[in-house]
Amino acid sequence: MKLDVITLDGGTAGSIELNEALFGLEPRADILHRVVRWQRAKAQAGTHSTLGKSDVSYSTKKIYRQKGTGGARHGSKKAPIFRHGGVYKGPTPRSHAHDLPKQFRALGLRHALSAKAKAGELVILDVATLAEAKTAILAKQVSELGWKRVLVIDGAAIEANFALAARNIAGIDALPAIGANVYDILKRDTLVITKAGIEALEARLGQGGLK
């Protein structure tokens, strides 16, 4: 698969041959769904909590005698059926993360890249660099290129001036290749990868693995 390479000012910078193993797959929704679920579950805080019968602050005195009242037998007002009583089997802090094999995560990332390529939402950028960290300059370039909700993936690191300028523009996120992930790729309208990012992704996903 061959795509044209552009520059930030809208010019052309030749073309590049993309690896079919990364960008030429037939995207599978089930694979993407599993990886996104794994990502979101891992990111979930899991801090939800309720007070059980042993946690609420209440007197432990028996509320009335055991027999002869005509009512059910109770030992304390901490029981869940009483107002201000503890919650029965309520949520407690826990991790929602679950395991997903590394090879499957790598497969999901390749399918996400292929999905963007097949949808025509993949742009190859020569370099993501700016002479100075000016948000106005980058915002103008992005507007002229027609990018709205975009993810930029660079090589080993994001160039400092570009990172500073991009963080003040709504709808633009930048990640190094090591941070590329299925969820962030799919939720953006356009995926922009630099030539350095392509090389880094090929190295990261080479031999079917995930580094």
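Our structure is the block above this text.
> Tell me about the pattern of salt bridges, and please be specific about residues and values.
The tally for this structure, following the rule as stated, stands at eight salt bridges. Of the charged contacts, one joins Arg149 and Asp189 as a salt bridge, the two residues approaching to 3.2 Å between their closest N and O atoms. A residue pair is termed long-range when its members are at least 10 positions apart, and Arg149 in the loop between helix 4 (135-145) and strand 4 (150-154) and Asp189 in the loop between helix 6 (182-186) and strand 6 (190-194) qualify at 40 residues. A relative accessible area of 40% places Asp189 in the partly exposed class. When the shortest N-O distance is used, the salt bridge between Arg188 and Asp173 registers 2.0 Å. Remark: Asp173 occurs in strand 5 (residues 172-176) and Arg188 occurs in the loop between helix 6 and strand 6; sequence separation between them is 15 residues. Under the relative-accessibility criterion, Arg188 is labelled buried at 8%. Assessed through its relative accessible area of 34%, Asp173 is described here as partly exposed.

> Kindly report on the pairing of strand 6, identifying the contributing residues and their values.
Of all the five residues making up strand 6, five are buried; the element is thus mostly covered by neighbouring parts of the structure. Pairing of strand 3 (residues 122-125) with strand 6, which is carried by four bridges, proceeds in the parallel orientation. The residue bridging Ile124 from the neighbouring strand is Ile193, located in strand 6. In this sheet, strand 6 lies alongside strand 4 in parallel orientation, the contact comprising four bridges. Across the sheet, Val152 pairs through a bridge with Val192, a residue of strand 6.

What counts, and at which threshold
- Position labels on residues start from 1 in each chain and follow its written sequence.
- In keeping with the model being predicted, local features are shown solely for residues with a pLDDT of at least 70 and side-chain atom pairs are shown and tallied solely at 80 or more, while totals for entire chains, interfaces and linings include all residues.
- With hydrogens and water set aside, each side-chain value is computed from the structure's full complement of heavy atoms.
- Just to be clear on terms, a salt bridge is a Lys or Arg side-chain nitrogen sitting within 4 Å of an Asp or Glu carboxyl oxygen.
- Strands are runs of DSSP state E lasting at least two residues, helices are runs of H or I lasting at least four, and both sets are numbered from the N terminus onward.
- For each residue, the accessible area found with a 1.4 Å probe, counting protein chains only, is set against the maximum for its type, and the residue is called buried under 20%, exposed over 50%, and partly exposed in between.
- Two strands are counted as paired when DSSP detects at least two bridges linking them.

The values reported here are purely geometric and, on their own, carry no functional implication.
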